[in-house]
Amino acid sequence: AYLLGIMFLSCFMSMFVSNVASPLLTLGVIHSTLWEFPSGSKAPHGILLGLAFSCNIGGMLSPISSPQNAVAMQVLNSDDITFSRWVLATMPLAVIGVLAAWSIILWLWRPFEHIESIPLQNAPHGDPVPRIHTHIVVVTSIITVTLWCLPPATFFGDAGVVALIPIVVFFGSGVLKKDDFNKLSWHLMFLLAGGNMLGTCARDSRMLDLFAATVRGRLETESAYLTLVIILLTVVAVTTFVSHTVAAMILLPIIAKVGSFLPAPDASANALFAVTPEMLVFLSALMCSSAMAFPISSFPNVNSLLAEDDTGHPYLKARDFLVPGSLVTLVLTLGGATMMIPWFNLIA
């Protein structure tokens, strides 16, 4: 139950603070607990793997939960994919993924075998947080999430504009300081900006048109579902060996162009099983977060790999991710290629 709680907490935290910040925050809370387990116990290994896998899965949950989702939103450039619709579309797959990852870790590692109880942590010492700051954070967070869930045209017209609210409030009220501003992941922001520029250059140079033209004839003769499966498998294979964010920047603009040549859905077929260009990009973005067989696949994996015990030795080795990560990736890929198709169309 402790492991499952950590996994669901970190997964859903990723929805609002991104799956880059969520593993760091969660590990900071549980690190001292890991040190309290008996020497030779597999509990820290299981907890760290669960943290990594759940944060990867949490990267699916909202447009702001991972850089690859931000890239997908820029590629889709559609008001039909709102914050609330994205969350609703991904929730079933994320819940199934977390439960599958939890079961796989318990089956392969048996992390809590011979562990009678979870070591309790002492409350951290330090200056108390002013009550007014707590109220500001809670109220601002509720307002921001509520505005994200409303239709884009209700107040501000864009989720990016809404995201400026906590920035202005937190820094303007003194909740966050100059040092916090300097510690922001500026390298990640520039990486996203570079990816957007790469996509713009590829579009304006007609490179995507040339690529799409070479595969257009084949796409028009193949079934849309077969094309979807091939693309999802390709995305999973690439993002297993390449960073999720970098792969999304390269692949999603190409996939969006390929999707424009999909054959029109058969009017006599069930509309719930229709494959659309929008679905192709959306599911491909989810598959970017599904790849987790190697530490290099994602930041949450690297974060868990670098966690050390009280003697300075890492708990995990690179090979520890291979089998459980591959099995979780397989479950998520099967879910994306099957249940997600009717579910996506149902909430469209």
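Reading the values: the criteria
Residues numbered from 1 in each chain as written. Predicted model: local features only at pLDDT ≥ 70, side-chain atom pairs only at ≥ 80, totals over all residues. Heavy atoms only, no water. Helix = DSSP H or I, 4+ residues; strand = E, 2+ residues; numbered from the N terminus. Buried < 20%, exposed > 50% of the residue type's maximum accessible area, 1.4 Å probe, protein only. Contact = heavy atoms within 4.5 Å. Areas by Shrake-Rupley, 256 points an atom, 1.4 Å probe, with all protein chains shown as cover. Salt bridge = Lys/Arg side-chain N within 4 Å of Asp/Glu carboxyl O. Axes fitted to C-alpha atoms, helices over the stretch in contact; angles between N-to-C directions. Parallel < 35°, antiparallel > 145°, perpendicular 65-115°, else oblique. Left-handed = near helix turned anticlockwise from the far one by under 90°. Core = buried A, V, L, I, M, F, W, Y, C linked by side-chain atoms within 4.5 Å. Phe/Tyr/Trp six-rings, centres within 6.5 Å; stacked < 30°, edge-to-face > 60°. pLDDT = per-residue confidence, 0-100. Nonpolar A, V, L, I, M, F, W, Y, C, P; charged D, E, K, R; others polar. Patch = residues over 30% accessible without salt bridge, like charges linked within 9 Å, V, L, I, M, F, W, Y side chains within 5 Å.

In this section: the overall build of the protein chain. A count of helices and strands for the protein chain gives 16 helices and 0 strands. The burial tally for the protein chain puts 45% of its 348 residues in the buried class. Considering only contacts within the protein chain whose residues lie at least 6 apart along the sequence, 80% involve residues at least 24 apart. For the protein chain, the accessible area works out to roughly 17600 Å², and carbon and sulfur atoms hold 68% of it.

Counted according to the given criterion, the structure contains 1 salt bridge. The salt bridge involving Glu-278 is made with Arg-85; its shortest N-O contact spans 3.6 Å. Linking Glu-278 in helix α13 (residues 277-290) with Arg-85 in helix α4 (residues 83-109), this pair joins segments that are 193 residues apart in sequence. Residue Glu-278 shares its accessibility class with Arg-85, and that shared class is buried.

Next up on the list: unusual backbone geometry. Despite not being glycine, Ser-18 has its phi angle at roughly 80°, a positive value. Note that Ser-18 resides in helix α1 (residues 2-36). Owing to a relative accessible area of 16%, Ser-18 belongs among the buried residues under this scheme. With phi around 45°, Arg-110 is a residue other than glycine that occupies positive phi space. Tracing the chain through its elements places Arg-110 in the loop between α4 and α5 (131-149).

Bringing the packing of helix α2 (residues 43-58) against helix α15 (residues 322-337) into the picture now. As a packed pair, α2 and α15 sit with axes 11 Å apart at the nearest point and diverge in direction by 25°. Between α2 and α15, the crossing angle belongs to the class labelled roughly parallel. As for how α2 packs across α15, the hand of that crossing is right-handed. Facing α2, whose interface residues are Leu-49, Phe-53 and Ile-57, α15 presents Pro-324, Gly-325, Val-328 and Leu-332.

The subject of this paragraph is the nonpolar core. By size, the foremost hydrophobic cluster in this structure holds 77 residues, and its most contacted members are Phe-53, Leu-283 and Leu-286. With 11 residues, α4 is the largest single contributor of residues to this core.

With that settled, the discussion passes to the packing of aromatic side chains. The tally for this structure, following the rule as stated, stands at 5 aromatic pairs. Each ring, one from Phe-8 and one from Phe-12, has its centre 5.9 Å from the other, and the planes form 10°; the classification is stacked. Separated by 4 residues within a single helix, Phe-8 and Phe-12 lie in helix α1, roughly one turn from each other. By relative accessible area, Phe-8 is classed as partly exposed at 22%. On the basis of relative accessible area, Phe-12 is assigned to the partly exposed category, the value being 27%. Consider the rings of Phe-241 and Phe-294, whose centres lie 5.3 Å apart with planes at 35°: the pair is tilted. With a gap of 53 residues between them, Phe-241 in helix α11 (residues 224-241) and Phe-294 in the loop between α13 and α14 (299-305) connect regions that are remote in the sequence.

With 82% of its residues at a pLDDT of 70 or more, the protein chain shows a mean pLDDT of 83. Element-level mean pLDDT values for the protein chain span from 62 in helix α9 (residues 186-204) up to 95 in α15.

Once that is clear, we can look at the packing of α13 against helix α16 (residues 340-347). Where α13 contacts α16, the axes come no closer than 11 Å and their chain directions differ by 125°. In terms of their interaxial angle, α13 and α16 are classed as oblique. For the crossing formed where α13 meets α16, the hand is right-handed. Mapping the contact onto sequence places Glu-278, Met-279, Phe-282, Leu-283 and Leu-286 in α13 and Met-340, Ile-341, Phe-344 and Asn-345 in α16. Per-class residue counts for the contact of α13 with α16 are 7 nonpolar, 1 polar and 1 charged.

A contiguous nonpolar surface patch, about 390 Å² in accessible area, is contributed by Trp-107, Leu-108, Leu-322 and Val-323. The set of elements that each furnish at least two residues to the nonpolar patch consists of α4 and α15. When you line up the elements, Leu-322 lands in helix α15. Classification of Leu-322 as partly exposed rests on a relative accessible area of 38%.

Next up on the list: the side chain of Ser-22. With respect to the secondary-structure elements, Ser-22 resides in helix α1. Each residue touching Ser-22, except ones within four places of it in the same chain, is listed here: Ser-10, Met-13, Ser-14, Val-17 and Cys-55.

The subject of this paragraph is the environment of Pro-324. Looking at the secondary structure, you find Pro-324 in helix α15. Each C-alpha atom of the pair Pro-324 and Leu-108 lies 7.5 Å from the other, and the pair is 216 residues apart in sequence. For Pro-324, the contacting residues outside a window of four places in its chain are Leu-49, Phe-53, Ile-104, Leu-108 and Trp-109.

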